[in-house]
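# Overview (structure and organization)
Okay, here's what each chain looks like letter by letter:
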Amino acid sequence: EHERVFKVAVEAVKARGYIAGEYLARRKDGSTVEVEARGSGVTIGGRFGLVVVAQDITERKRAEQALRKSEETLRSFLHALPEPAMLLDRKGLLLLGNRALARNLGLPENALAGKCVFDLLPTPVAAKRKAMLEQVLASGKAMQFPDVRGDRTFLSWASPVLDSAGTVSRVAVIAFDVTERQRAEEALRQSEET
């Protein structure tokens, strides 16, 4: 088997000038590791040979898998929220948005990422949101603000996401529709006054 693999590798190097790939390797103790290998050909004294450099990438693969799992968890959590939620970069580009946000904006879920949130909102709302983003970026502190759109009232929270240097790199935003609660409170206040 090793001889066949070697011949295939030699032919690939002769055809392309190099080989590169990942594979599982077995250590002497019987454990397996993930390996990334790169090779090229060399001719010395009329004899062709392979020069192969291999690196154990097991930990990198585990870290990549953990990151994928973490991202899947974040997406699941975000989509479970019944209210609009989003993650913005420093310029207001949508990095993540949940189903409720897509529904409120009248867009398919897969059309959110990469869009500038300010382009998707009515001009007065966009101006307020942009000011909010700039304030969170400048202060590095979370903030809460009301947002009235037509006959609906939202209470929004914007929280900074810090990078490893402690700089705000992204902003998480969630908006709760508090219209019915406000109407109930107003009705209660009016009934108490009469």
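Our subject is the structure that appears above.
Residues numbered from 1 in each chain as written. Predicted model: local features only at pLDDT ≥ 70, side-chain atom pairs only at ≥ 80, totals over all residues. Heavy atoms only, no water.

### Concerning the layout of surface pockets
Regions of empty space are outlined by a rolling probe, equal in size to a water molecule, passed over the atoms. Applied cut-off: Note on definitions: the grid is 1 Å and covers protein atoms alone; a cavity is a set of points where a 1.4 Å probe fits but cannot get out; a pocket is an open set with protein on both sides within 12 Å along at least five of seven lines; lining residues have an atom within 4 Å of a point. Grid points are joined across faces, edges and corners, and a volume is the space filled by probe spheres set on the points. Think of it this way: any DSSP run of H or I at least four residues long counts as a helix, any run of E at least two long counts as a strand, and we number them from the N terminus. For this scheme, ten residues count as nonpolar: Ala, Val, Leu, Ile, Met, Phe, Trp, Tyr, Cys and Pro. Four count as charged, namely Asp, Glu, Lys and Arg, and the remainder, Gly too, count as polar.
The space that makes up the largest pocket amounts to roughly 430 Å³. Val 5, Ala 9, Ile 19, Tyr 23 and Ala 37 are, among the 17 residues lining the largest pocket, the residues nearest its centre. Among the elements of the structure, helix H1 (2-16), strand S1 (18-26), strand S2 (32-44) and strand S3 (47-56) are those that each provide at least two residues to the lining of the largest pocket. No other element matches the 7 residues that H1 contributes to the lining of the largest pocket. Residues of the lining of the largest pocket, tallied by class, amount to 12 nonpolar, 2 polar and 3 charged. In terms of lining residues, the second largest pocket is bounded by 13 residues, among which Leu 74, Leu 78, Met 86, Leu 87 and Ala 172 are the most central. Contributing elements (two or more residues each) for the lining of the second largest pocket: helix H2 (58-80), strand S4 (85-89) and strand S8 (168-177). When residues in the lining of the second largest pocket are grouped by element, the largest group, 4 residues, is from S8. In terms of residue class, the lining of the second largest pocket is built from 12 nonpolar, no polar and 1 charged.

### Observations concerning the side chain of Lys 61
The following threshold applies: Polar contacts here mean pairs of N or O atoms no more than 3.5 Å apart (in protein, one a potential hydrogen donor and the other a potential acceptor; neighbouring residues in sequence count only if both atoms are side-chain atoms). A contact between two residues is defined here by any heavy atoms of the two lying within 4.5 Å.
Mapped onto the elements, Lys 61 comes out in helix H2. Among the polar contacts listed, one links the side chain of Lys 61 to the side chain of Glu 22, at a separation of 2.8 Å. Setting aside its immediate chain neighbours within four residues, Lys 61 contacts Glu 22 and Glu 34.

### Here's the deal with the sheet that holds S4
Quick reminder of the rule: Any two strands with at least two DSSP bridges between them are considered paired. As a rule, the C-alpha atoms of each element are fitted with a line to give its axis, helices using only the stretch in contact, and angles between N-to-C directions run from 0 to 180 degrees.
If you walk across this open sheet you meet the 5 strands as S5-S4-S8-S7-S6, and the pairing is antiparallel. Every other strand in the sheet has two partners, leaving strand S5 (94-97) and strand S6 (143-149) as the edge strands with one partner each. Taking each pair of neighbouring strands and ignoring which way they run, the sheet shows an average axis angle of 25°. When strand S7 (residues 152-162) meets S8, the two strands line up antiparallel, connected through 9 bridges. Paired with Leu 162 across the strands is Val 168, a residue of S8. Contacting S4 and S5, H2 runs over the sheet at an angle of about 65° to S5. Taken strand by strand, helix H5 (residues 123-139) contacts S4, S6, S7 and S8, and its axis lies near 175° from that of S6.

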